Amino acid sequence: MGTVARRLRWWVDTPAPGAVNMQRDRALLQRAESEPDFDPCLRLYAWDPPALSLGFHQDDAEVDAGALAAAGFGLVRRPTGGAAVLHHREITYAVVARLGVEGLGRRVLEIHDAIARALSSSLIELGVDARRGGGGRPDGFACFSAAGGHEITVDGRKLVGSALRRTRHAFLQHGSLLTGPGHEQLPRYLRGERTRSEAGVESLRVRTITLDDLDAKDLDATEWGEAFARRLGEGLRTGVERAHDAEHPIG
Amino acid sequence: MRPSDRKYTKEHEWVLEEDDEVTVGITDYASEELGDIVYLDLPEEGVTITAGESMGSIETVKAVEEIYAPASGEISAVNGDLADAPEKVNESPYEDGWLVKIRDAADFVELMSSDEYDGMVSGS
């Protein structure tokens, strides 16, 4: 049995550049690591301008920085693992908590399972036929090229990709819910895949699905965040409290 | 049965003291829990490490996390085979999948016998 959290706090953050977004996630993880009474939290956010994020150990030499800059897009490294994502039209979430919180656990699979349950049930509640992924792993440099067992699919196509970092006392699990096209353009900004970028774009397009494709384009971060937070809170057996919101809505 | 010739840490690492060097690896429990290892970021030879502090990181298909130094000292060897074959840690965590060797190791973190470690992970 873990420690029952006093509450789960959630909020919709101001859209921000990639470096700011990753700094905010790292700062939450550092606070959770150092503060024994840290309340589990869910932060929802967006990327302005769009940015390419690399997994913690990915080689940035594979990124065509010039092409990114010409498009006005940012480049940032995530504190979590996994493959590259072009964050364009999506709602991004970060769940941060101390290890051992009741309902989230401390083992890698416990954490992924608990969050995947809340992800899928919140989306189903909002009319999206979300399922757990199929145990695949990315084929090449792109995160959205395959769905792992803890990720979310619709009709076998990936809708939510996520990644985890665990420290001694805390974890950060963040992920992207695709809302519209844009993410599939990732290969255009990679050197190694540039010559086959059209094929790469098409490959990502057919392996993924977005809220636009599902006639759920009106679903915004606040509506989804409310459902996601409530489902997380049920798993944690604790109350949910909405914290300060950003001045600008994201969606 | 986990090897009884070495000691174990709460961070799921093992240490084997031989002559003036200590070999360090991660346990089968850790390698199974983390899943397939895709990348290891290990310290270089000659680097000085501090007990209890991060000395590198490990990435699996499911997560990234720190590798903590079980003792203070100087890195005297790094398992170079893991650069191209990190899966050796999953396949052979106590033999071919060792991570680093530490020279002049001191100030060890709290260590457990194999029986004590078995008890810790079976209770989690």
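A brief look at the structure comes next. (Residues numbered from 1 in each chain as written. Chains lettered and ligands numbered in written order. Predicted model: local features only at pLDDT ≥ 70, side-chain atom pairs only at ≥ 80, totals over all residues. Heavy atoms only, no water.)

Topic: the overall build of chain A
Phase 1: Scanning chain A from N- to C-terminus turns up five helices and 11 strands.
Phase 2: In terms of C-alpha radius of gyration, chain A reaches 17 Å, essentially the compact-globule figure of 18 Å for 251 residues.
Phase 3: Each of the three principal axes of chain A carries a C-alpha extent, and together these read 50 × 35 × 35 Å.
Phase 4: Counting the 251 residues in chain A, one finds 57% classified as buried.
Phase 5: Relative to all contacts within chain A whose residues are 6 or more apart in sequence, the contacts with residues 24 or more apart total 73%.
Phase 6: As displayed, chain A offers around 10,100 Å² of accessible surface, 49% of which is attributable to carbon and sulfur atoms.
Phase 7: Within chain A, the 35 negative side-chain charges are centred at a point lying 5 Å from the centre of the 33 positive side-chain charges. (Helix = DSSP H or I, 4+ residues; strand = E, 2+ residues; numbered from the N terminus. Rg over C-alpha atoms; globule rule 2.2 N^0.38 Å. Buried < 20%, exposed > 50% of the residue type's maximum accessible area, 1.4 Å probe, protein only. Contact = heavy atoms within 4.5 Å. Areas by Shrake-Rupley, 256 points an atom, 1.4 Å probe, with all protein chains shown as cover. Lys, Arg positive; Asp, Glu negative; His and termini not counted. Charge placed at Lys NZ, Arg CZ, Asp CG, Glu CD.)

So, a nonpolar patch on the surface
Phase 1: Together, B:Val38, B:Tyr39 and B:Val61 make up a nonpolar patch on the protein surface, roughly 220 Å² of accessible area in all.
Phase 2: Along the chain, B:Val61 turns up in the loop between strand 6 (54-60) and strand 7 (64-68). (Patch = residues over 30% accessible without salt bridge, like charges linked within 9 Å, V, L, I, M, F, W, Y side chains within 5 Å. Salt bridge = Lys/Arg side-chain N within 4 Å of Asp/Glu carboxyl O.)

Some remarks on the sheet that holds strand 4 (residues 74-77) of chain A
Think of a sheet as strands paired side by side through backbone hydrogen bonds, with each pair either parallel or antiparallel.
All names here are of chain A.
Phase 1: Across the sheet, three strands lie side by side as 4-3-5; this open sheet has mixed pairing. Of all strands in the sheet, those with a lone pairing partner are strand 4 and strand 5 (85-87), marking the two edges. Going across the sheet, the axis of each strand differs from the next one's by a mean of 25°, ignoring polarity.
Phase 2: Pairing of strand 3 (residues 51-54) with strand 4, which is carried by four bridges, proceeds in the parallel orientation. Following the sheet pairing, Leu52 is matched in strand 4 by Leu75.
Phase 3: Contacting strand 3 and strand 4, helix 1 (residues 18-34) crosses the sheet at an angle of about 25° to strand 4. (Pairing = 2+ DSSP bridges. Axes fitted to C-alpha atoms, helices over the stretch in contact; angles between N-to-C directions.)

Some points on the interface of chain B and chain A
Phase 1: In this assembly, 19 residues from chain B lie in contact with 17 residues from chain A.
Phase 2: It is B:Glu33, B:Lys62 and B:Val64 that lose the most area in chain B upon contact with chain A, and together they represent 37% of the buried surface on that side.
Phase 3: Across the chain B-chain A interface, the total number found is four salt bridges.
Phase 4: Its salt-bridge partner being A:Arg168, residue B:Glu11 comes within 2.7 Å of it at the nearest N-O pair.
Phase 5: Sorting the residues of the side of chain B that touches chain A by element identifies helix 1 (28-34), strand 4 (37-41), strand 6 and strand 7 of chain B as the ones contributing at least two each.
Phase 6: Tallied by class, the residues present in the side of chain B that touches chain A amount to nine nonpolar, two polar and eight charged. (Buried area = accessible area lost by both parts, 1.4 Å probe. Nonpolar A, V, L, I, M, F, W, Y, C, P; charged D, E, K, R; others polar.)

Points about helix 1 of chain A
Residues and elements named next belong to chain A.
Phase 1: The end-to-end C-alpha distance of helix 1 is 24 Å, a good match for the 24 Å that 17 residues give at a rise of 1.5 Å each.
Phase 2: Inspection of helix 1 places Gly18, Asn21, Met22, Asp25, Leu28, Leu29 and Ala32 among the buried residues, and these make up the whole buried set. In an axial view of helix 1, the angular spread of the buried residues amounts to 120°, which keeps them on one side of the axis. For helix 1, exposure combined with an orientation more than 90 degrees from the buried face picks out Ala19, Gln30 and Ser34. (Expected span 1.5 Å × (residues − 1). Arc of directions from axis to C-beta.)

Examining the packing of aromatic side chains
Phase 1: Counting across every chain of the model gives eight aromatic pairs over all chains.
Phase 2: Judged by centre distance (6.0 Å) and plane angle (40°), the ring pair of A:Tyr45 and A:Trp47 falls under tilted. Just as A:Tyr45 is buried, A:Trp47 falls in that class too.
Phase 3: Aromatic pair A:Tyr93 and A:Trp224: ring centres 6.2 Å apart, planes at 80°, arrangement edge-to-face. One end of the pair, A:Tyr93, is in strand 6 (residues 90-98); the other, A:Trp224, is in helix 5 (residues 221-236), and 131 residues separate them in sequence. Each member of the pair, A:Tyr93 together with A:Trp224, is buried.
Phase 4: An aromatic cluster of at least three residues, connected via ring pairs, comprises B:Tyr8, B:Trp14, B:Tyr94 and B:Tyr117.
Phase 5: A:Arg168 extends its terminal NZ or CZ atom over the ring of B:Tyr68, reaching a point 3.8 Å from the ring centre.
Phase 6: It is B:Arg6 that lies over the ring of B:Trp14; its NZ or CZ is 4.5 Å from the centre. (Phe/Tyr/Trp six-rings, centres within 6.5 Å; stacked < 30°, edge-to-face > 60°. Lys NZ or Arg CZ within 6 Å of the ring centre and 35° of its normal.)

Focus on the packing of helix 3 (residues 108-125) of chain A against helix 5 of chain A
Residue and element names in this part refer to chain A.
Phase 1: Between helix 3 and helix 5, the shortest axis-to-axis distance is 8 Å and the interhelical angle comes to 135°. In terms of orientation, helix 3 lies oblique with respect to helix 5. Where helix 3 crosses over helix 5, the handedness of that crossing is right-handed. For the pair helix 3 and helix 5, contact is made by Ile115, Ala118, Leu119, Ser121, Ser122, Leu123 and Glu125 and by Trp224, Ala227, Phe228, Arg230, Arg231 and Leu232, respectively.
Phase 2: When grouped by side-chain class, the residues that make up the contact of helix 3 with helix 5 number eight nonpolar, two polar and three charged. (Parallel < 35°, antiparallel > 145°, perpendicular 65-115°, else oblique. Left-handed = near helix turned anticlockwise from the far one by under 90°.)

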